[in-house]
Amino acid sequence: MTDVLAGHTVTVSLTVNGTAHEVEIEPRELLVTVLRERLRLTGTNIGCETTSCGACTVLLDGRSVKSCTVLAVQVHGRDITTIEGLAGPDGLHPVQEAFRRCHGLQCGFCTPGMVMAAVSLIDEGRATDEKSVRLALKGNLCRCTGYHNIVQSVLSAAEVMKEADA
Amino acid sequence: MIPAAFAYRRAESVAEAIELLAEYGDEAKLLAGGHSLLPIMKFRLAAPSVVIDLGGVGGLDYIRADGDEIAIGALTRHVDLETSAELGAAVPLLRHAASVVGDCQIRHRGTIGGSVAHGDPAADLPSALMALRGTVVVEGPSGRREIPIDDFYLGFLETALGPDEVLVEVRVPRRGDRPWGFQKFRRRSIDWAIVGVAYQSEDGGGGIGLVNMGPTTLRAATAEAALRGAAAPDDVAQLADADADPIGDASATPEYRRHLARVLLARALAGGAST
Ligand SMILES: Cc1cc2nc3c(=O)[nH]c(=O)nc-3n(C[C@H](O)[C@H](O)[C@H](O)COP(=O)(O)OP(=O)(O)OC[C@H]3O[C@@H](n4cnc5c(N)ncnc54)[C@H](O)[C@@H]3O)c2cc1C
Ligand code: FES
Ligand code: FES
C-alpha cells in the first residue's frame with residue numbers, strides 16, 4: 001500500500017471567516033491544526049484533542065463542531081467561522097459582548113470554544129432557559145468559572161439578539 | 001495527536017464507494033461523520049491505508065415516510081434526527097435516543113449510518129433500533145439487501161456488513177403515540193452510557209434494547225417474553241439482564257450493570273425518558 005501513500009497530499013479549498021483559502025496538506029491533518037498552524041488563526045485552542053473539552057469549537061456552515069475531530073479534507077468547499085471572524089466593523093459580536101458584560105470568563109482558555117458553541121446554540125433556538133443552555137454546553141469544559149456566569153452570558157446574549165431581531 | 005498517514009479517496013456516489021472498497025479491500029475504511037473512526041485513528045487503534053470519505057455522497061441524508069415505515073438515509077446526522085418533527089411524531093423513541101448522544105458538537109457531525117455500522121455496544125441509537133425491530137439496508141457489488149437488526153450485530157465492533165458493502169438506509173416501523181421509554185445512565189452528562197435501556201410498546205408486548213450489557217447491543221428477549229405474557233412491569237424489569245453478559249470496567253462491576261439494567265427497565269416501562 002505504500003504506493004498510494006507516497007507523497008500523497010491533497011488540495012483543500014475552504015472559506016475561513018469569509019476569506020477563501022487553498023492549502024496543500026496531508027489528508028490526516030486535523031482542521032484545528034490547519035487553522036492554527038497553516039492559517040495562523042490561533043484563537044481556536046486545543047485542550048484535550050479527544051473531543052471532550054470543546055476548546056477547539058468552530059462553526060462549520062454555521063454549526064458548532066469540534067475541530068480536533070474533523071479532518072481538514074472533510075471540509076473541502078465549506079465555510080468555517082472561528083473566533084477571529086465573529087467581531088464585525090461595529091465591534092464585538094453580541095455573544096462576545098455578553099461574555100464581557102456578565103463576566104463569563106476568567107483565564108479565557110475555554111472562551112473561544114465556549115463563545116462559538118454559544119453562537120451556534122442560540123442560532124439553533126436552544127437558548128430557551130438555564131437548563132437548556134447547561135445541557136447544550138455540556139461539551140465545553142471550563143476549569144475556572146463554575147459555569148454560572150457563562151450560562152448567564154449566553155442567556156443574556158440570546159435576549160439581546162432576540163430584541164435586535166424583533 | 002494525529003492519525004497515521006493514509007491515502008484519501010472521496011466517493012461521489014454509493015456506487016463509487018463500493019468500487020473503491022472492492023479496489024482497496026481490507027486496507028480501506030469508510031468515513032462518515034468521523035466521530036468514532038477519527039478518535040480510534042488518533043489513538044492508532046485503527047490505521048487504515050485508505051480512507052474513503054462518504055461526505056460528498058449526495059442523497060443519503062433524508063428522513064421519509066415509506067408506507068408503515070420511516071426510512072432514514074445513512075448520512076443523516078444525529079442533530080437532524082433530534083430536530084425532526086416528522087420523526088418525533090412517528091418514532092419518538094428514536095428521536096429521543098439521538099438527542100442524548102454525546103453533545104451538540106458531536107451530534108452536528110455523527111451520522112446514524114456510522115453509529116449503526118461501528119457496532120459499539122455502548123452506542124445509543126442501535127438500542128432504539130433493537131426496541132423498534134428496525135432493519136438495516138446495505139448495498140454492495142451484488143445489489144441491495146435488508147438485514148433485520150437482530151442479525152446485524154455479530155460481536156464486539158463486528159457486524160454483518162460485508163467488506164465491500166455500504167450501509168445506505170435504516171428503516172423503522174411507525175409507532176406513533178404508543179408508549180416508549182429511554183434510560184441512559186452515566187455519571188456525567190457528556191459520557192457514554194454505563195448502561196442504557198430502550199423500550200417500545202407494540203401489539204401484544206414490546207421491544208427492549210440494551211446498551212452496554214454485553215459485547216453487542218442486545219435484545220432483552222426473556223423480559224420481552226414476560227411482557228407478551230402480560231407479566232406485571234416490576235416482574236418484567238427483574239428479567240432485564242437475563243440475556244446479558246456485561247463486563248466490569250472502571251465505571252461499573254458486572255453485578256452493578258445488571259442491577260442498573262433492572263432499575264432502568266422499570267423506569268423505561270413506566271415511560272421515562274432521561275436526558
Ligand atoms: C466524545 C464522544 C462522545 C460520544 N458519545 C456518544 C454517546 O454518548 N452515544 C453514542 O451513541 N455515540 C457517541 N459517540 C459516537 C458518535 O455517535 C459517532 O458519531 C457515531 O458512533 C459514529 O458515526 P460517524 O458518522 O461519526 O461514523 P464514522 O466515525 O465516520 O464511522 C464509524 C465506523 O462506521 C463505518 N461507517 C460509517 N458510515 C458507514 C456506512 N454508511 N456504511 C458502512 N460503514 C460505515 C466506518 O467505516 C467506521 O468503521 C461519541 C463520540 C465522541 C467522539
Ligand atoms: S481540543 Fe477538541 S474537544 Fe478538546
Ligand atoms: S475561563 Fe478558564 S477555563 Fe474557562
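For the structure, see preceding data.
What to know about the pattern of salt bridges
A side chain of one charge can pair with a side chain of the opposite charge when the charged atoms of the two come close.
Residue and element names in this part refer to chain B.
And step 1. This structure, assessed with the given rule, holds 28 salt bridges over all chains.
And step 2. Across the salt bridge formed by Glu169 and Arg144, the nearest N and O atoms sit 3.9 Å from each other. Linking Glu169 in strand 10 (residues 166-173) with Arg144 in strand 7 (residues 143-148), this pair joins segments that are 25 residues apart in sequence.
And step 3. Overall, Glu169 belongs to the buried group, its relative accessible area being 4%.
And step 4. Measuring nitrogen to oxygen at the nearest pair gives 3.0 Å for the salt bridge that ties Asp241 to Arg262. With Asp241 in the loop between helix 10 (233-237) and helix 11 (254-269) and Arg262 in helix 11, this pair connects stretches of sequence that are 21 residues apart.
And step 5. The class of Asp241 is buried, set by a relative accessible area of 7%.

As for the sheet that holds strand 2 (residues 19-25) of chain A
Residues and elements named next belong to chain A.
And step 1. Pairing in this open sheet of five strands is mixed, and the strands run 2-1-5-3-4 from one edge to the other. One side of each edge strand has no neighbouring strand; the edge strands of this open sheet are strand 2 and strand 4 (63-66). Each strand axis lies, on average, 40° off the axis of its neighbour in the sheet, ignoring direction.
And step 2. Where strand 3 (residues 57-60) meets strand 5 (residues 79-81), two bridges bridge the pair, whose relative direction is antiparallel. Within strand 5, the residue paired with Leu60 across the bridge is Ile80.
And step 3. The strands touched by helix 2 (residues 31-38) within the sheet are strand 1 (10-16), strand 2, strand 3 and strand 5, with strand 2 carrying the most contacts at an inclination of about 105°.
And step 4. In the packing of helix 4 (residues 111-123) onto the sheet, contacts are made with strand 3, strand 4 and strand 5, and the angle to strand 3 comes to roughly 40°.

Some words on the layout of surface pockets
And step 1. Within this model, the second largest pocket holds a volume of roughly 440 Å³.
And step 2. In terms of lining, the second largest pocket is formed by 22 residues, of which the most central are Arg78(A), Asp61(B), Arg77(B), His108(B) and Arg109(B).
And step 3. If you list the elements that add at least two residues to the lining of the second largest pocket, you get strand 4 of chain A together with helix 3 (78-82) and helix 6 (104-109) of chain B.
And step 4. For the lining of the second largest pocket, the class distribution of residues is six nonpolar, six polar and 10 charged.

Rules and cut-offs
Residues numbered from 1 in each chain as written. Chains lettered and ligands numbered in written order. Predicted model: local features only at pLDDT ≥ 70, side-chain atom pairs only at ≥ 80, totals over all residues. Heavy atoms only, no water. Salt bridge = Lys/Arg side-chain N within 4 Å of Asp/Glu carboxyl O. Helix = DSSP H or I, 4+ residues; strand = E, 2+ residues; numbered from the N terminus. Buried < 20%, exposed > 50% of the residue type's maximum accessible area, 1.4 Å probe, protein only. Pairing = 2+ DSSP bridges. Axes fitted to C-alpha atoms, helices over the stretch in contact; angles between N-to-C directions. Contact = heavy atoms within 4.5 Å. 1 Å grid on protein atoms, 1.4 Å probe; cavity = no way out; pocket = protein on both sides within 12 Å on 5 of 7 lines; lining within 4 Å. Points joined across faces, edges and corners; volume = space filled by probe spheres on them. Nonpolar A, V, L, I, M, F, W, Y, C, P; charged D, E, K, R; others polar.

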